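A closer look at the structure
These are the residues of each chain, in order.
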Amino acid sequence: MFSLKPPRPTFRSYLLPPLQTDDNINSEPKIKKLEPVLLPGEIVVNEVNFVRKCIATDTSQYDLWGKLICSNFKISFITDDPMPLQKFHYRNLLLGDHDVPLTCIEQIVTVNDHKRKQKVLGPNQKLKFNPTELIIYCKDFRIVRFRFDESGPESAKKVCLAIAHYSQPTDLQLLFAFEYIGKKYHNSANKINGIPSGDGGGGGGGGEGNGGGVDSSQKTPLFEIYSDWDREIKRTAASGWRVCSINEGYMISTCLPEYFVVPSSLADQDLKIFSHSFVGRRMPLWCWSHANGSALVRMALVKDALQQRKIDQRICNAITKSHPQRSDVYKSDLDKTLPNIQEVQAAFVKLKQLCVNEPFEETEEKWLSSLENTRWLEYVRAFLKHSAELVYMLESKHLSVVLQEEEGRDLSCLVASLVQVMLDPYFRTIVGFQSLIQKEWVMAGYQFLDRCNHLKRSEKESPLFLLFLDATWQLLEQYPAAFEFSETYLAVLYDSTRISLFGTFLFNSPHQRVKQSTEFAISKNIQLGDEKGLKFPSVWDWSLQFTAKDRTLFHNPFYIGKSTPCVQNGSMKSFKRTKQLFVVVSMKSSTGTR
Amino acid sequence: MGGATSRGENSYGLDITCKDMRNLRFALKQEGHSRRDMFEILTRYAFPLAHSLPLFAFLNEEKFNVDGWTVYNPVEEYRRQGLPNHHWRITFINKCYELCDTYPALLVVPYRATDDDLRRVATFRSRNRIPVLSWIHPENKTVIVRCSQPLVGMGGKRNKDDEKYLDVIRETNKQISKLTIYDARPSVNAVANKATGGGYESDDAYHNAELFFLDIHNIHVMRESLKKVKDIVYPNVEESHWLSSLESTHWLEHIKLVLTGAIQVADKVSSGKSSVLVHCSDGWDRTAQLTSLAMLMLDSFYRSIEGFEILVQKEWISFGHKFASRIGHGDKNHTDADRSPIFLQFIDCVWQMSKQFPTAFEFNEQFLIIILDHLYSCRFGTFLFNCESARERQKVTERTVSLWSLINSNKEKFKNPFYTKEINRVLYPVASMRHLELWVNYYIRWNPRIKQQQPNPVEQRYMELLALRDEYIKRLEELQLANSAKLSDPPTSPSSPSQMMPHVQTHF
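Everything quoted here is computed from the prediction, not taken from an experiment.

So, how was this worked out
- Residues numbered from 1 in each chain as written.
- Chains lettered and ligands numbered in written order.
- Predicted model: local features only at pLDDT ≥ 70, side-chain atom pairs only at ≥ 80, totals over all residues.
- Heavy atoms only, no water.
- 1 Å grid on protein atoms, 1.4 Å probe; cavity = no way out; pocket = protein on both sides within 12 Å on 5 of 7 lines; lining within 4 Å.
- Points joined across faces, edges and corners; volume = space filled by probe spheres on them.
- Helix = DSSP H or I, 4+ residues; strand = E, 2+ residues; numbered from the N terminus.
- Nonpolar A, V, L, I, M, F, W, Y, C, P; charged D, E, K, R; others polar.
- Domains from an automatic or database assignment.
- UniProt positions renumbered as here; feature names shortened; annotations may be inferred.
- Contact = heavy atoms within 4.5 Å.
- Buried area = accessible area lost by both parts, 1.4 Å probe.
- Salt bridge = Lys/Arg side-chain N within 4 Å of Asp/Glu carboxyl O.
- Polar contact = N/O pair within 3.5 Å; in protein donor to acceptor, adjacent residues only side chain to side chain.
- Buried < 20%, exposed > 50% of the residue type's maximum accessible area, 1.4 Å probe, protein only.

Some words on the layout of surface pockets
All names here are of chain B. Quantified by volume, the second largest pocket comes out at close to 1,600 Å³. Around the second largest pocket sit 46 residues that line it, and Thr 17, Cys 18, Lys 19, Phe 47 and Arg 339 are the ones nearest its centre. Mapped by element, the contributors of at least two residues to the lining of the second largest pocket are β1 (13-17), α1 (34-46), α6 (219-233), α11 (323-328) and α13 (365-377). Its residues assigned to classes, the lining of the second largest pocket shows 24 nonpolar, eight polar and 14 charged. Split by domain, the residues of the lining of the second largest pocket number at least three in each of domain 1 (13-46) and domain 2 (74-457).

Right under this line is the structure:
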């Protein structure tokens, strides 16, 4: 009933129930009780008992004893021992303290210290020695170490191989989200309308009720439908712009959303013709309009050099026409002004090395200059600085701004988002920020699958989304009263990109979700009805991951609800409401949540 | 001041270098030599001591509805700590500052040490600054004791009385372990001090003590380091190599060493492993930093607004941190080698702690900044003069206003809305470069490009949160009252959380 077909027969045995190895015979009753918590569609592929999880690098005094399991979703270390040294303020409902989602794993190293051997485990490799130690390098800078001194050598080896295999799938449909959603659809086959929590906006609320009413009061617009765009045009009072439906059914481009916004003066027929000249047929997309009428627009490059001038001219004219003051257009070529995705990735790799480097004291001494040498902060600054310049064009010069980039789906996402966060207080609310990510990243075709490297083809990996969250964090640090959300929220949001259960950050484009999940549904005999592809759970449905109490930590107590102009919509949270929430946070230690 | 060499429109004017990290520049019209008068007047009033004029604090006629001079009463503070007790006594031997002219009048010393013992020990300690108690742990009775370096000298002199005295200190708590001595200096400097008659406690002479050096540099190194910080933040912030420039000032590294030292002191005492004796050379710079920071980590009382004022009064002002020399109040000799930002460095360490423990301190950042602003302002008498005896001679408490009068009459402004009282929690900040930050809101606040929005929305939000907090506490009280009324006459328990809290341990 599960679709995880390992390409090599060697691994078939993992799909069978765990073997009875001799270590199970003398296991204490205490260990036997340690059972993993599994999600729908999740199965244990292998497990090993009497594992020691290493906590500190220099001493074993904090080490924990337990069972290590590998499922098709996570590796889980199950222990009765309490978590030493570190206490977390919130708990993820999908993952235990010691769990690592498979999509969060970066590298797996097995060690045998008697034979002084070490091996990095790729997806389909053999292991010629019995490992005494397993080191897992995670994408979120974690390093997890397990010792197998007391466990059955064969079982230990099998678990290591299972982890290596399941964490490095070769096909998108092998990611756990498909298994999960398939199970959900099957379970609710008799109900109408598929699964309860698939409607995305955080409304439906799977599993954990909506107590607290924090996120559920407002839905995050996903921009999958016409009306979301229409509402956004009205919210920003963008009069010269209209929603365009020519890409319905992805007839024009497979990397654009079905609906997007274009200058009113451009007819569908013209757009269809123009689209052929753009890389990926990514014609100009409206992002946002300032109250003064200046618009922010993003587009790919014009492929055909001969056509370029003419098309550029037509587009610029149309954008000018959409401006109430007929202001000029300011073009920003992002490829020429900002670091490219490879440079960002290189900086990130250095940053990670610095952060996880041992010994601690060595990096400590030259910490600041080493940090500078990674160039990560320099890049964060470059994006913030350039965005601030564009803010000046839009706000003070009353110019419309066009972001140009080869494909228009990497740097553009980041710059378009930052500009809007800086200019529009609505995007500094939780719902607003989420809608921004939907609009400028998910729907605009940011290639989450490749950039997050969920399928481990590292050449396309680049942490632009993290860079965006970092830049937002910098703004939050500088303007603590301007953001409804907290640092915790940003951190949790980034962690969520590593949980392959949500559809939000799983695909390269909305079209890919529809295509892949339709294929999957057919192969699994799932009736889709009118739905366009499977409705994966949305990250914005935070109740799937956190209790209402924990979700209060998403709110920034410094936030002043009413703020500078720009917001004319009625959808902002009322000041009073938010205030009450802050109190819960600020008084948590003395009075609880009453 | 003055004398800009560049020509052009603004070449004639005044340059004013300030103690608080900024320079001011005024362009004046060249006609009529307007600069000369201005320069003379400014010099006279900026440096009154050089012109036989009084400091402004003595002219200030401000009135406040609370008297900050009553905040610190040493007897009360020692009583709060449970002193005197069987092992420690309060002595008035220094009532007229005869034993040690830079110490306070009231001292706490081991019960078993007689006044004569103290006099003999004084001869062996630099400037007679004998080991006296700063703080005692309420449960395990280990103590933090402060003093100056022993006068060992090149010949390696010994003093039986000093050795015995340290042993008496060790024995005040019933531990058998050795007394821990933290010498704040780098060992090289401690050795070098022998040449000028100083030194440190050798293993041979002090069998029952264990000495560690904390590697904190002297006042000159700190001064130069801060000067470098100023160079990189004013007038321009150098963006391109900001972090390596910051690293090359070593300022955060010094902060790290001071904090690390204080953590060690706090840990020794809190774990009950042993009593601790802290000294540097004279025991009024690094020693004050270490004892006060360790006390702040150990004793939550000092994390309240009044508690912190008491801490500053006690460990810094009364124990003779040379504010007049280190700051150079009203003195024109700006190159004086005695000047050093030791107190600023302490406040920076406190700020680092407040960043890492946002709910542990009753006060906010503004509180720390206003203290530093009035460290230089001479509007209040609080930071004038070098020691208590000088202050008494000048009748400072009668003739000037205390900074705490200003602060305590408007406390709300300085309160941290996230403060949650916790009595027995020891704070161990992470003294790692990964966690230490440059205090931008203080060091770079004058840079127009970094300047905060005005009015500051965060301050506004603070006020709202505090009001809300009060409202909720009131409601909680009402509920508790209603609840206790329901239960059949319970013993009258304090009804508000604020009343239940502090006043830790009175042990007799």
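Description of the UniProt feature "active site" (unreviewed entry) in chain B
Residue and element names in this part refer to chain B. Those residues carrying the UniProt feature "active site" (unreviewed entry) are Cys 280 in this numbering. Residue placement: Cys 280 occurs in the loop between β9 (276-279) and α9 (286-298). Once residues lying within four places of it in the same chain are set aside, the contact partners of Cys 280 are Cys 147, Ser 148, Gln 149, Asp 183, Ala 184, Arg 185, Asp 285, Arg 286 and Thr 287.

A few points about the interface of chain B and chain A
Across the boundary between the two partners, chain B contributes 27 residues, which contact 31 residues of chain A. Summed over both sides, the interface between chain B and chain A buries roughly 2,600 Å², with carbon and sulfur atoms accounting for 62% of that surface. Linking chain B with chain A are four salt bridges. Here Glu239(B) makes a salt bridge to Arg381(A), at a shortest N to O gap of 3.5 Å. Here chain B and chain A share twelve residue pairs in polar contact (both at pLDDT 80 or more) between them. When contributions to the side of chain B that touches chain A are tallied by element, the ones reaching two or more residues are α7 (242-249), α8 (251-270) and α18 (457-486) of chain B. A per-element tally of the side of chain B that touches chain A places α18(B) first, with ten residues. Taken together, the residues of the side of chain B that touches chain A sort by class into 14 nonpolar, seven polar and six charged.

Digging into helix α10 (residues 367-374) of chain A
Of all eight residues in α10(A), seven are buried; the element is thus mostly enclosed. For α10(A), the elements touching its buried residues are α8 (341-356), α9 (360-365) and α11 (376-395) of chain A together with α7 and α8 of chain B.

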